[in-house]
Amino acid sequence: MVEETTPLARRDEATISNRWWKMKKSPLPLQRSSGSSEKRIYAKEALVKLLRWHFGYADFRGKQFDAIQAVLSGRDCFCLMPTGGGKSMCYQIPALAKKAGIVLVENQVAALKEKGIAAEYLSSTQTSTIKNKIHEDIDSGRPSLRLLYVTPELIATSGFMSKLSKICARGLLNLIAIDEAHCISSWGHDFRPSYRKLSSLRNQFPSVPILALTATAAPKVQKDVIESLCLQDPLVLKYSFNRPNIYYEVRYKDLLDDAYTDLSNLLKSEGDVCAIVYCLERTTCDDLSAHLSQIGISSAAYHAGLNDKLRSSVLEDWISSKIQVVVATVAFG
Ligand SMILES: Nc1ncnc2c1ncn2[C@@H]1O[C@H](COP(=O)(O)OP(=O)(O)OP(=O)(O)O)[C@@H](O)[C@H]1O
Ligand SMILES: [Mg+2]
């Protein structure tokens, strides 16, 4: 049954009490289309209801529903979807439908909390008060937390592994989602050695489905991700990268008199545009960003050579339109 309270009222309540451990999170009860066996099939309407209730979207996009259905039925899944395709929903909905989920990625927590969803991010950068609160919650028999975002570095520590084992033994670990899963592949441009440690998860938690998500289309990387994570008979979903709403234009740098001037003119002609300029090298990012700022286009560089704090503030400034242009390497994602 659906609660009497409207989604709007629930969101207001969540905003007033923005600390998740105070939230009275009562998810929409789900109707399951088949009975009591472990591998239950969730009715699509019930999942769409969750999507509408929490996120306000009318329906699932692309292969979202297939991925959600797979992990809810306990099956591993490898999901390839383009950037902005909606990969996050593939673990956010299961986390709301079931009791808990672990996700390897950051920066979505604030947006989820705004929607009244009990999510937290656990990392070494958090204050010990927050970390303690999170640990208290997951150690309690009935955690309010639905989504816990952790770093691969943390998940590989023996302390956290044993914590996960305890949660799992209590039946509270329903999904392990690994976002940006291409980072595990040394064939990928973004290889992160810490992701390699995730290969033990499949063995450690044989009953918990693993959902690997990436936007990297190279077949070599996909195969490597599936093998490295030891996914068992995964459902492999690939969503088309064709985006009819995107307009592409190629300008050859060699044919331009001055690439910086051409780019500046383009940005200026677009007015109050929000843009990302990708460069191959960090120094080019710094240089181009300084050039744009000098001619009155607010911009900032973003690359792996900057510290975490600075990168977060650039991201925040860009998202909140304080700056117009980010000049970045692929570190920006
Ligand atoms: N079913 C849906 N209907 C409408 N919008 C959706 C739906 N699912 C997700 N979105 C929206 O699409 C946008 C992109 O989603 P998301 O960030 O999950 O993409 P992503 O595939 O993870 O991209 P990236 O590769 O950049 O991480 C978000 O604003 C999200 O709220
Ligand atoms: Mg994503």
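Residues numbered from 1 in each chain as written. Chains lettered and ligands numbered in written order. Predicted model: local features only at pLDDT ≥ 70, side-chain atom pairs only at ≥ 80, totals over all residues.

- As named in an unreviewed UniProt entry, the protein chain is DNA 3'-5' helicase, taken from Trema orientale.
- Recorded in UniProt for the protein chain, the comment headed Sequence similarities (unreviewed entry) runs: "Belongs to the helicase family. RecQ subfamily."
- Quoted straight from UniProt, the Catalytic activity (unreviewed entry) entry for the protein chain says "Couples ATP hydrolysis with the unwinding of duplex DNA by translocating in the 3'-5' direction." (UniProt positions renumbered as here; feature names shortened; annotations may be inferred.)

Some thoughts on the overall build of the protein chain
And then number 1: When you go through the protein chain residue by residue, the secondary structure sums to 14 helices and 10 strands.
And then number 2: Taken over 333 residues, the protein chain has a buried fraction of 32%.
And then number 3: Within the protein chain, contacts between residues at least 6 apart in sequence are counted, and of these 71% link residues at least 24 apart. (Helix = DSSP H or I, 4+ residues; strand = E, 2+ residues; numbered from the N terminus. Buried ≥ 20, exposed ≤ 12 C-beta atoms within 10 Å, placed from the backbone. Contact = placed C-beta atoms within 7 Å.)

Quick notes on the pairing of strand 4 (residues 147–150)
And then number 1: The alternating pattern of strand 4 places Leu147 and Tyr149 and Leu148 and Val150 on opposite faces, both of which are buried.
And then number 2: As paired elements, strand 3 (residues 119–122) and strand 4 share four bridges and run parallel to each other. Paired with Glu120 across the two strands is Leu148, which belongs to strand 4.
And then number 3: The handedness of the strand 3 to strand 4 crossover, carried by helix 6 (residues 128–139), is right-handed. (Pairing = 2+ DSSP bridges. Right-handed = clockwise from strand over helix to strand, strands pointing away.)

Quick notes on unusual backbone geometry
And then number 1: One non-glycine residue with positive phi stands out, namely Cys230, at about 55 degrees.
And then number 2: Its place among the elements puts Cys230 in the loop between helix 11 (219–228) and strand 7 (235–238).
And then number 3: A residue is classified by how many C-beta atoms lie within 10 Å of it, and Cys230, with 15 of them, is partly exposed.
And then number 4: In this structure, Ser321 takes a positive phi of about 65 degrees despite not being glycine.
And then number 5: Looking at the secondary structure, you find Ser321 in the loop between helix 14 (308–319) and strand 10 (325–328).
And then number 6: Taking the C-beta count within 10 Å as the criterion, Ser321 has 10 such neighbours and is therefore assigned exposed.

Examining the site of ligand 1
And then number 1: Taken together, 14 residues lie around ligand 1, and Tyr57, Thr83, Gly86, Lys87 and Ser88 are the ones closest in.
And then number 2: Looking at the shell around ligand 1, its residues break down into five nonpolar, seven polar and two charged. (Near = placed C-beta within 6 Å. Nonpolar A, V, L, I, M, F, W, Y, C, P; charged D, E, K, R; others polar.)

Thoughts on the pairing of strand 9 (residues 299–302)
And then number 1: Side chains Ser299 and Ala301 of strand 9 all project onto a buried face; the interleaved residues Ala300 and Tyr302 project onto the opposite face, where all are buried too.
And then number 2: Of the pairings in the sheet, the one linking strand 9 to strand 10 comprises four bridges and is parallel in character. Each bridged residue has a counterpart across the sheet, and for Ser299 the counterpart in strand 10 is Val325.
And then number 3: Viewed along the sheet, the connection from strand 9 through helix 14 into strand 10 turns out right-handed.

Remarks on the packing of helix 3 (residues 64–72) against helix 4 (residues 89–97)
And then number 1: Where helix 3 contacts helix 4, the axes come no closer than 9 Å and their chain directions differ by 45 degrees. Of the possible angle classes, the one that applies to helix 3 and helix 4 is oblique. Note on packing geometry: the crossing formed by helix 3 with helix 4 is right-handed. Across the interface between the two elements, Gln64, Ala67, Ile68, Val71 and Leu72 from helix 3 touch Met89, Cys90, Ile93, Pro94 and Ala97 from helix 4.
And then number 2: A class-by-class count of the residues in the contact of helix 3 with helix 4 yields nine nonpolar, one polar and no charged. (Axes fitted to C-alpha atoms, helices over the stretch in contact; angles between N-to-C directions. Parallel < 35°, antiparallel > 145°, perpendicular 65-115°, else oblique. Left-handed = near helix turned anticlockwise from the far one by under 90°.)

Considerations on the nonpolar core
And then number 1: Ranked by internal contacts, the top residues of the largest apolar core, which has 58 residues, are Cys79, Ile178, Leu211 and Ala212.
And then number 2: Core analysis: the next-biggest nonpolar cluster, separate from the first, contains 13 residues, Tyr302, Val314, Val325 and Val326 among them. (Core = buried A, V, L, I, M, F, W, Y, C linked by C-beta atoms within 7 Å.)

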